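Examining the three-dimensional arrangement
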Amino acid sequence: MIRSAPSSTLSRPSGGGQVTAVLGPTNTGKTHLAVERLCGHVSGMIGFPLRLLAREVYDRVVALKGPKEVALITGEEKIVPEGARWFLCTIEAMPLDREVAFVAIDEAQLGADPERGHVFTDRLLHCRGYAETMILGSETLRPLIRKLVPEAEIINRPRFSTLSYAGAKKLSRLPRRSAIVAFTRAEVYALAEMLRRQKGGAAVVMGSLSPSTRNAQVAMYQSGEVDYLVATDAIGMGLNMDIAHVAFASLSKFDGRRHRRLTLSEMAQIAGRAGRYQKDGSFGTVQLGTSEAASFTPEEIEDLEAHRFDPLGHLVWRNTALDFGSLPRLIGSMDQRPPRPELIRSDDAIDLAVLKTLAGEPWVMERARGPRGVARLWAACGLPDYRKTGPEQHGRLVARIFRHLSEGDGRLPDAWIASELAHLDRAGGDVETIADRIAAARTWTYIAHRPDWLAEPQRWAERTRDVESRLSDALHLALTQRFVDRRTAVLLKDLKARGGEQRVEIDADGAVAVEGEVIGRLDGFRFTADPLARAGEQRLLLAAAERHLVKALAARAAALAEAPDEDFALEFDGELPPRLQWAGARVATLRRGRNALDPRIQLDRALAGLAVADRARVLARLAAWLEATLTHVLGPLAGLAATDAAASLSPAARGLAVRLVETLGVLPRGPAEDQLGALGRSDRQALASAGVRLGVSHVFIPRLLRPEPTRWRLALWAVWNGIELLPPLPPPGRVSLAIDEAWPAGFVETAGFWRVGGQAVRIDMVDRLARAIHDRRAGRAPFIPDPNWAASLGLGHDGLARLLRALGYRPQLVDGTQHFAWRGVRREANDRGAAQEARPRAPSPFNVLADFRFGALADVPVSRRRKG
């Protein structure tokens, strides 16, 4: 590289080759042309405004020339193979002592930037390749190039595609492949969060992100994982992406000194990201409010579409002929006025602000003596403020660094660096926390590439690179988790899909995934969207299920039709209507049919999407299973139906069988007393063969009082009688219950219990007690109840007494001890008790007394009754 000697006057580089200024708007292929020219020379160097761009072009050139021939030099990364001939650098890190055939300066219009502009201006004026020099930039540079570099040949490059204004759009109406630009971190995060809810997410690009994180976010957008990008104006600096539309969330920003509207050139730099190569692009605004600051003026729209901008009037300049004789002389040389009116002095750079702050410290003045000490201080002031903390706080860090550099061996202590990196090497925290750690880690990465500051620079370069890499991975993950809902993105693409099928998987536990993203569960035929999904997302999930589960549901219908009986079950614990399950999943409900034993099967709504033929097969299989199950569980009732048809039975026996079937196997004895009295010996034998027991209080079938038959009987009874609400079913093994008057009439009796006062006792246990008493007593002689009777029935002393009264026994004191003696039950009392049993009664003392009188004679031979 040929560089003019630094001086206080603007000198021209001598001995350089051709100088070309390639000017034009974005998407004109300027950088691509420079890379081609670089590779066409025996050596060369390009200075870029961003480390990210330098790395991107470095990878391209390595692919062409090989890794041993290409170097990458930035403030935080140095890859310099021995004998490297092509250098890709950030503008500040360009090695000015190397002589190369080709030099290019990218985005040279940044020479007008208040903080970094003096570096671009210096490279534009003084850096030359001995064969060719290329200045790349905006058309706004043309007048300044003509005045400052008159020997340059200016070439204009037209934009490959058109850029047009698309107006203002709501965030939800933005087209795919859109970039939304905001100018504060809070705005970027808020927009990304809204896009996550509405569009499935967005990638995030900000200048404060590490290059690694920005690369990962850009890659996520470029791959199509997300269709939207939210960025600060960092997007306008050479990031080449597939962007169709750029939407401005605001047209003003804080530039470090004041809040101002974007210049037309800044708008153009950002809007020009839309439409790459020969694809046309558009720009506009996002409707987030009514502020006029977010609206383009007609003049701005016209100039942006025509790429017509006001030329730059000046570039920022700083004297490079620095005097390190003393601190005052150094500051004086930096305050020197520019030699040309087109140049203005740089007074806003943070390195100069920190220098002036520290120069007033006595200890700094003491240590910064002589050229070496002053140069050492100036080098420390050149540490970039990656954390954006401002001159005061950043100056404290610089001061500590200079303190170490100016004492002892002039190196930074390893213990201090190790402690700082250990504190930063933590991946936990939110997005802001991790981003702040990365900014601090970049500071140490920069320091690690200053070999004269460290005892082991190579070791610390590797350590800082590892820390930054881990934090960058963590930040990318945090950004993705916070701002990308991949499931919503997949579903939105699914709704817009035309043609090809997306990959759908159903796990063994029923989880349904589309392209790897779980959208809900398929329980039998019922799809349930992820309960954590938002209301808007629920609709997308259901639409995706309807689209993709047609084949899966048809396959399940076929599997149900071929399933064995063991796969089906009745789901009923008192909740109505009773449900039929297949493989644990609800598929149908029972509804009122022709009679209690023949309910109608109604398929669940989840099966409504099946084809008519599939629904018919499912219904037929369920009906076959229900018939087989009722025959197995309630077999004695089917036997009674056959008994009813037997011609050998008396009319009384057939009528009793009919009534017992109608009451599902439990019939109070009182209303059937006339039929019972008319039964002959053969009738009784036939009924006994059918499993019927003529008990003391009820005619019943003991087998049907078991838990499973009882559950089925209650389900059929509730369906037949149109019951809407049942109490919890009696627990298995329970022999007595406390009555709740809110229970529907008939529930206790159908469950197989006999109501006695405020309690109910299972009728087979009542029958067993009556037979035990019959065997214990001697006619009408008083007897003492066995204490075990109450325990076996789950009753207290008073409860057992009420039950004995209901059975026809009355209390009697014998020698001061309570006995019970048989007194019998009148027929009318028995009939009245049966009527009371059939309807709910209000709790009153008279009804309680009526309960005491209720009872029925045991099935005892007449001769024994007379003897009693």
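The model shown is predicted, which means the values in this text are computed figures rather than measured ones. (Residues numbered from 1 in each chain as written. Predicted model: local features only at pLDDT ≥ 70, side-chain atom pairs only at ≥ 80, totals over all residues. Heavy atoms only, no water.)

Overview of helix α12 (residues 370–381)
Taking 1.5 Å as the rise per residue, α12 with 12 residues should run 16 Å; its terminal C-alpha atoms sit 17 Å apart, in good agreement. By the burial criterion, the buried members of α12 are Gly373, Val374, Arg376, Leu377, Trp378, Ala379, Ala380 and Cys381. The inward-facing, buried residues of α12 abut α9 (327–334), α10 (350–358), α11 (362–367) and α13 (391–405). (Helix = DSSP H or I, 4+ residues; strand = E, 2+ residues; numbered from the N terminus. Expected span 1.5 Å × (residues − 1). Buried < 20%, exposed > 50% of the residue type's maximum accessible area, 1.4 Å probe, protein only. Contact = heavy atoms within 4.5 Å.)

Some words on the packing of aromatic side chains
This model, assessed by the stated rule, comprises 14 aromatic pairs. Considering the side-chain rings of phenylalanine 248 and phenylalanine 296, the 5.3 Å spacing of their centres and the 90° angle between planes classify their relative orientation as edge-to-face. Residue phenylalanine 248 is located in strand β15 (residues 245–248), and its partner phenylalanine 296 is located in the loop between β18 (281–286) and α8 (298–306); the two are separated by 48 residues in the primary sequence. For phenylalanine 296, a relative accessible area of 8% puts it in the buried group. Ring geometry for phenylalanine 783 and tryptophan 789: centres 6.4 Å apart, planes at 65°, overall edge-to-face. Overall, tryptophan 789 belongs to the buried group, its relative accessible area being 10%. Grouping aromatic residues by their ring pairs yields a cluster made of Tyr165, Phe248, Phe283 and Phe296. When the ring centre of tyrosine 221 is taken as reference, the NZ or CZ atom of arginine 177 above it lies at 3.9 Å. For the cation-ring pair, arginine 459 lies above tryptophan 460, with the distance from its terminal atom to the ring centre recorded as 4.2 Å. (Phe/Tyr/Trp six-rings, centres within 6.5 Å; stacked < 30°, edge-to-face > 60°. Lys NZ or Arg CZ within 6 Å of the ring centre and 35° of its normal.)

Structural notes on unusual backbone geometry
With an omega of -5°, the peptide bond running from leucine 576 to proline 577 counts as cis. Inspection of the secondary structure puts proline 577 in the loop between β25 (568–571) and β26 (579–582). Even without a glycine there, the phi angle at lysine 388 is positive, about 55°. By secondary structure assignment, the location of lysine 388 is in the loop between α12 and α13. The residue alanine 583 is not glycine, and still its phi comes out positive at about 55°.

A few points about the sheet that holds strand β3 (residues 44–48)
The strand order across the open sheet built from 8 strands is β5-β4-β6-β3-β7-β9-β2-β10, with neighbouring strands paired in mixed fashion. This sheet does not close on itself; its edge strands, each paired only once, are β5 (78–79) and β10 (153–156). Here strand β2 (residues 18–23) pairs with strand β9 (residues 132–137) via 6 bridges, running parallel. By the bridge assignment, alanine 21 is partnered in β9 with isoleucine 135. Where helix α1 (residues 30–40) meets the sheet, it contacts β2, β3, β6 (86–90), β7 (102–105) and β9, and its direction lies at approximately 165° from that of β9. (Pairing = 2+ DSSP bridges. Axes fitted to C-alpha atoms, helices over the stretch in contact; angles between N-to-C directions.)

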